[in-house]
Amino acid sequence: QLSLVESGGGLVRAGDSLTVSCVANGRSFNLYNMAWFRQAPGKEREFQARIFRDGSDPTYADSVLGRFTISRDNAKNTVYLQMNSLRPEDTATYYCAAGSIWTEDDRRYPYWGQGTRVTVSA
């Protein structure tokens, strides 16, 4: 069992950088693969990035490849999403998720945070 809490969202300008964080409350954080999803107003939730339980094999959606970096610090029970060169179309609520399956399918992740809102102005 894990509870996840995101933080770090806010209002930024196009071209700025922002890092959002997700802190897990649980003793087995290092056993879970972690992922970031986002949901923009009026759109469906979409995969952004995932990282294996030991921090290996970070992978990304095409829309953020080269701009976003996912990382984790298992000693701190925390996963991060560093977002560079932000665009207005990145405006969304960003969610972290935890699961045992290596997947980009949000339906396969049993643990979710409440989300943190990121707004990028033009």
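Chemist: Where do I start with the packing of aromatic side chains in this structure?
Modeler: Any aromatic ring pair is given by two values, namely how distant the centres are and how the planes are angled relative to each other. In the structure shown here, the tally under the stated rule is six aromatic pairs. With a centroid separation of 5.6 Å and an interplanar angle of 90 degrees, the aromatic rings of Tyr32 and Tyr111 are classed as edge-to-face. Of this pair, Tyr32 sits in the loop between strand S3 (18-25) and strand S4 (33-39) while Tyr111 sits in strand S10 (residues 111-112), placing them 79 residues apart in sequence. Taking relative accessible area as the criterion, Tyr32 reaches 14% and is therefore assigned buried. With a relative accessible area of 15%, Tyr111 lands in the buried category. Ring geometry for Phe37 versus Trp112: centroids 5.1 Å apart, planes at 45 degrees, classification tilted. With Phe37 in strand S4 and Trp112 in strand S10, this residue pair connects regions lying 75 residues apart in the sequence.

Chemist: When you look at the pattern of salt bridges in this model, what are you seeing that I'm missing?
Modeler: It is possible for side chains bearing opposite charge to pair when their charged atoms get close. One pass over the structure, following the stated rule, counts seven salt bridges. With a closest N to O distance of 2.9 Å, Arg38 and Glu46 form a salt bridge. Among the residues examined, Arg38 registers a relative accessible area of 5% and is labelled buried. Put simply, Arg45 and Asp106 hold a salt bridge, and the shortest N to O gap is 2.8 Å. Within this pair, whereas Arg45 is found in the loop between S4 and strand S5 (46-51), its partner Asp106 is found in the loop between strand S9 (92-99) and S10, the two being separated by 61 residues in sequence. Through salt bridges that share partners, Arg38, Glu46, Arg67 and Asp90 make up one connected network.

The rules behind the values
Residues numbered from 1 in each chain as written. Predicted model: local features only at pLDDT ≥ 70, side-chain atom pairs only at ≥ 80, totals over all residues. Heavy atoms only, no water. Phe/Tyr/Trp six-rings, centres within 6.5 Å; stacked < 30°, edge-to-face > 60°. Helix = DSSP H or I, 4+ residues; strand = E, 2+ residues; numbered from the N terminus. Buried < 20%, exposed > 50% of the residue type's maximum accessible area, 1.4 Å probe, protein only. Salt bridge = Lys/Arg side-chain N within 4 Å of Asp/Glu carboxyl O.

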